[in-house]
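The residues making up each chain are set out below.
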Amino acid sequence: MSFDQISWKSIKDEMESSKAELVAVSKTKPVNEILDAFNAGQVDFGENYVQELVDKQNALPDKIRWHFIGHLQRNKVKQIVPFIHLIHGVDSIRLLREIDKQGVKAGRRINCLLQIFIATEETKFGMDRKELDDVFSYLNEAQPKGICVKGLMGMASFTSDEEKIRNEFKGLRKLYDELSGTYSASEFFEPVHLSMGMSSDYKIALEERSNMIRIGSLLFGSR
Ligand SMILES: *Cc1c(COP(=O)(O)O)cnc(C)c1O
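Since this is a predicted model, take the numbers as computed values, not measurements. All chains use their own residue numbering, which begins from 1 and follows the written sequence. Residue-level local features of this predicted model are given only where pLDDT is at least 70; pairs of side-chain atoms are given and counted only at 80 or more, and the full residue set underlies all totals for whole chains, interfaces and linings. Processing note: side-chain calculations cover all non-hydrogen atoms of the structure and skip hydrogens and water entirely.

**Some points on the environment of Ser 200**
Turning to step 1, where the next piece is worked out: Locating Ser 200 in the fold gives a position in the loop between strand E7 (189–196) and helix H8 (202–207).
Turning to step 2, where the next piece is worked out: Take Ser 200: its relative accessible area is 63%, and that puts it in the exposed class.
Turning to step 3, where the next piece is worked out: Considered as a pair, Ser 200 and Ser 217 are 17 residues apart in the sequence and their alpha carbons are 9.0 Å apart. Strands here are runs of E lasting at least two residues and helices are runs of H or I lasting at least four, both read from the DSSP assignment and numbered beginning at the N terminus. Relative accessibility decides the category of a residue: with a 1.4 Å probe and only protein chains considered, values under 20% of the type maximum give buried, values over 50% give exposed, and everything between is partly exposed.

Encoded structure:
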């Protein structure tokens, strides 16, 4: 299957009232399909492997905004720092430090989202409340110049139990609101994005006030 413009339009329509942003997850999909989506008007694309992202970034228009949504290894940060629009899955201070270091070197402030563990599956990544508070202590002390924390990201459990998914999203939204209230905005903390919801659960995520959804299979077919 190739890029499905009809599904894309209908998801955009559903998002109209919520003012959410759509990240089209193009991992494993060839550049010609990404170009079809870009030509239809989609600007934000998400990838989860560094090499694949770098190759695609080289081959595709500079106007595309690239999101890294995978688990980022510290030794690969410098490869994406020159062009990345937003890194979604930052889950440790060590990673944040490396992004800051590379951001400073490249002369850019790199936009990041902190990944929070909301599911009950051990395979998922993310921080808990305590680790999140540690990140803010670090930020306030270090006053980093190479990063800006733009909000939170999370992945709900893989389950057909909608109430469970809804509760996990509710918890993440609450945390996002709390953070925005607790820590004042600064050059390194500007809470604007709450990235939650994928093909299977984005409707629930929008109801729970997500403002950034990451959709792959509904747009490009199964992988
Ligand atoms: C692959 C992926 C998605 C998109 O998944 P679909 O089910 O295809 O919509 C969203 N978020 C992350 C972090 C992913 O790795």
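There is more to say after this.
**Topic: the nonpolar core**
One recurring pattern in soluble globular proteins: nonpolar side chains tend to sit buried together.
Turning to step 1, where the next piece is worked out: Grouped together as the largest cluster of nonpolar side chains are 63 residues, with contacts concentrated most on Ile 80, Ile 99, Leu 114 and Leu 152.
Turning to step 2, where the next piece is worked out: Of the residues forming this core, the biggest block, 6 residues, is contributed by helix H7 (residues 162–182).
Turning to step 3, where the next piece is worked out: Ile 80 has contacts with Val 50, Leu 53, Val 54, Phe 68, Leu 72 and Ile 87, leaving out every residue within four places of it along the chain.
Turning to step 4, where the next piece is worked out: If you look at the next biggest cluster of nonpolar residues, it comprises 5 residues, including Val 23, Leu 86, Leu 113 and Met 153. Nonpolar cores are built from buried Ala, Val, Leu, Ile, Met, Phe, Trp, Tyr and Cys residues. Side-chain atoms within 4.5 Å join them into one set. Residue contacts are defined here by distance: any two heavy atoms, one from each residue, within 4.5 Å place the two residues in contact.

**What about unusual backbone geometry?**
Turning to step 1, where the next piece is worked out: Backbone geometry places Gln 143, a non-glycine residue, at a positive phi of 45°.
Turning to step 2, where the next piece is worked out: Along the polypeptide, Gln 143 turns up in the loop between helix H6 (129–142) and strand E6 (147–154).
Turning to step 3, where the next piece is worked out: Although it is not a glycine, Arg 209 sits at a positive phi angle of roughly 65°.
Turning to step 4, where the next piece is worked out: Looking at the secondary structure, you find Arg 209 in the loop between H8 and strand E8 (212–215).
Turning to step 5, where the next piece is worked out: With relative accessibility at 47%, the residue Arg 209 sits in the partly exposed group.

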